[in-house]
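Examining the three-dimensional arrangement
Spelled out, the chains give:
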Amino acid sequence: MDFAGAYTPDHLKFLLEGFLVTLKVAGIAIVLSFIIGGLIGTIRYAKIPILSQILAILVELIRNVPLLLIIFFTFFALPEVGIKLTPTMAAIIALTIFESAMLSEVIRSGLNSIHNGQIEAGRSSGLSYIQTLWHIVLPQALRRMVPPIVSQFISLLKDTSLAVVISLSELMHNGGVIYAQPGGDKFIMPIFILIAGMYFVVNYALSIIARRLELKTT
């Protein structure tokens, strides 16, 4: 193992560039999947006729399909129907689709965990169904949703590494480029250790934020 050769300024810069791509893709996918997943979860909780059933089928379909297959579909299959995406866009769309389905179940379960008496109390006080949902049910449910939602965000960040299969220049891809060069076999272990450390720092920070949010909402 050649740590000195692996951790040259050029290699570290190249890894950092890949990590910034990882954070960018994950950040955009997190925001989009939270919005879309929240809407889907709320619609399914409200049991809107027909629409809820259609969304339930789509969610179950996506949740039971490997994320890698969705990535392949967005990058390799969509061009067959005239939709050509860059690796970055394909990764963001695939991650958003998959995580929206996962988060929708977290949000729906959180809303279902609130006793129906809360809704009845809100309606009896003159609030509409939407107002009751927004002012009474959702704030209580969010307290219970924080840990699983952040857990999904951490999983999403790690899942960006799967986009290496479509040559997205993220952290794992750039690490592979470094140890694939001539004589780079001595860099494999040092590079993997550094990559693991970079993932750990960000994910551990997210875990700390989740714990603090949980304490503030209790």
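Here, every reference points to the structure presented above.
Presented here is a report on the structure given in the accompanying data block. Each chain has its residues counted from 1, following the order in which its sequence is written. Since the coordinates come from a predicted model, pLDDT governs what is reported: local features require at least 70, and pairs of side-chain atoms require 80 or more to be given and counted, while whole-chain, interface and lining totals use all residues. The side-chain numbers reported here are obtained from all heavy atoms of the structure, hydrogens and water having been left aside.

Below, the discussion takes up the overall build of the chain. Within the chain, the regular secondary structure consists of nine helices and zero strands. Along the chain, from the amino end to the carboxyl end, the secondary structure elements read α-α-α-α-α-α-α-α-α. On the principal axes, the C-alpha backbone points of the chain span a range of 75 × 45 × 20 Å. The buried label goes to any residue with under 20% of its type's maximum accessible area, the exposed label to any with over 50%, and the partly exposed label to all in between, with areas taken from a 1.4 Å probe on protein chains only. Here the chain holds 218 residues, and the buried ones make up 38% of them. Secondary structure elements are taken from DSSP: a helix is a run of H or I of four residues or more, a strand is a run of E of two residues or more, and numbering for both begins at the N terminus.

Structurally, the position occupied by Ser-104 is in helix H5 (residues 87-112). A residue is classified by how much of its surface remains accessible, and Ser-104, at 1% relative accessible area, is buried. Of note is the side chain of Ser-104, whose polar atom sits 2.7 Å from the backbone oxygen of Ala-101. With near-sequence residues (within four places) excluded, Ser-104 lies in contact with Gly-37, Ile-40, Gly-41 and Val-59. Residues adjacent in sequence count toward polar contacts only when both atoms are side-chain atoms; beyond that, a polar contact is any pair of N or O atoms within 3.5 Å, and within protein one must be able to donate a hydrogen and the other to accept it. Throughout, a residue-residue contact means that at least one pair of heavy atoms, one from each residue, lies within 4.5 Å.

Further remarks concern the packing of helix H6 (residues 116-124) against helix H7 (residues 129-159). Helix axes are fitted to C-alpha atoms over the stretch in contact, other axes to C-alpha atoms as well, and angles between N-to-C directions run from 0 to 180 degrees. Following both chains from N to C, one finds H6 and H7 inclined at 140 degrees, their axes separated by 9 Å at the closest point. Between H6 and H7, the interaxial angle falls into the category oblique. The two elements H6 and H7 cross, and the hand of that crossing is right-handed. Contact with H6, carried on its side by Gln-118, Ile-119, Gly-122 and Arg-123, involves Tyr-129, Thr-132, Ile-136, Val-137 and Gln-140 of H7 and no other residues of that element. Looking at the contact of H6 with H7 residue by residue, the classes come out as four nonpolar, four polar and one charged. For this classification, under 35 degrees means roughly parallel, over 145 means roughly antiparallel, 65 to 115 means roughly perpendicular, and everything else is oblique. In this scheme, a crossing is called left-handed if the near helix is turned counterclockwise away from the far one by less than a right angle; it is called right-handed if the turn is clockwise. Asp, Glu, Lys and Arg are counted as charged, while Ala, Val, Leu, Ile, Met, Phe, Trp, Tyr, Cys and Pro are counted as nonpolar; the rest, among them Gly, fall into the polar class.

Moving on to the nonpolar core. Nonpolar core, defined: a set of buried Ala, Val, Leu, Ile, Met, Phe, Trp, Tyr and Cys residues in which side-chain atoms within 4.5 Å join the residues together. In this structure, Val-25, Tyr-45, Leu-111, Val-137, Met-145, Ile-149 and Ile-166 are the most contacted members of the largest nonpolar core, which totals 34 residues. Sorting the residues of this core by element identifies helix H2 (9-46), helix H4 (67-77), H5 and H7 as the ones contributing at least two each. Here this core gets ten residues from one element, more than from any other, and that element is H5. Aside from chain neighbours lying at most four places away, what touches Met-145 is Val-106, Ile-107, Gly-110, Leu-111 and Leu-138. In terms of nonpolar packing, the next biggest core, distinct from the first, is built from ten residues, Ala-6, Ile-195, Met-198 and Tyr-199 among them.

Considering the arrangement of structural elements, one finds Phe-19 in helix H2. As for Phe-19 and Gly-110, which are separated by 91 residues in sequence, their C-alpha atoms are 32 Å apart.

Pairs of aromatic rings are described using the distance from one ring centre to the other and the angle between the two planes. Each Phe, Tyr or Trp ring, with Trp reduced to its six-membered ring, pairs with another whose centre is within 6.5 Å; inter-plane angles below 30 degrees give stacked pairs, above 60 give edge-to-face pairs, and intermediate values give tilted ones. Under the defined criterion, the tally for this structure stands at seven aromatic pairs. Ring pairs connect the aromatic residues Phe-72, Phe-75 and Phe-76, which therefore count as one cluster.

The next subject is H7. Compared with an ideal rise of 1.5 Å per residue, which puts 31 residues at 45 Å, H7 spans 37 Å between its outermost C-alpha atoms and falls more than 12% short. Of all the bends found along H7, the most pronounced is centred on Met-145 and spans about 50 degrees, while Pro-147, a proline, follows it within four residues. Residue count minus one, scaled by 1.5 Å, sets the expected span of a helix. Fitting axes to the seven residues that end at a residue and to the seven that start at it, the angle between those axes gives the bend at that residue.

For the rest of this paragraph, the subject is the pattern of salt bridges. Criterion for a salt bridge: a side-chain nitrogen of Lys or Arg within 4 Å of a carboxyl oxygen of Asp or Glu. Under the criterion given, the structure shown has three salt bridges. One salt bridge connects Arg-63 with Glu-60, and the closest N-O pair in it is separated by 3.1 Å. Within this pair, Arg-63 and its partner Glu-60 are both found in helix H3 (residues 51-63), separated by three residues, close to a single helical turn. Connected through shared salt-bridge partners, Arg-44, Glu-105 and Arg-108 make up one network.

Moving on, we come to the layout of surface pockets. Buriedness of a pocket was judged along seven lines, with at least five required to meet protein on both sides within 12 Å; pockets are open sets of points on a 1 Å grid over the protein atoms alone, cavities are sets where a 1.4 Å probe fits but cannot get out, and lining residues have an atom within 4 Å of a point. Grid points are joined across faces, edges and corners, and a volume is the space filled by probe spheres set on the points. For the largest pocket, the calculated volume is near 420 Å³. Taken together, 17 residues line the largest pocket, and the ones lying closest to its centre are Gly-38, Leu-39, Thr-42, Trp-134 and Leu-138. Breaking the lining of the largest pocket down by element, the ones donating at least two residues are H2, H5 and H7. Here the lining of the largest pocket is built from residues that sort into 15 nonpolar, two polar and no charged. Of the pockets and cavities examined, the second largest pocket occupies roughly 200 Å³. Along the walls of the second largest pocket sit Leu-61, Ile-62, Val-65, Leu-69, Ile-70, Phe-72, Phe-73, Thr-74 and Ile-97, which together make up its complete lining. Of all the elements in the fold, those that place two or more residues in the lining of the second largest pocket are H3 and H4. Its residues assigned to classes, the lining of the second largest pocket comprises eight nonpolar, one polar and no charged.

Interpretation note: all reported values are geometric properties and have no functional meaning in isolation.
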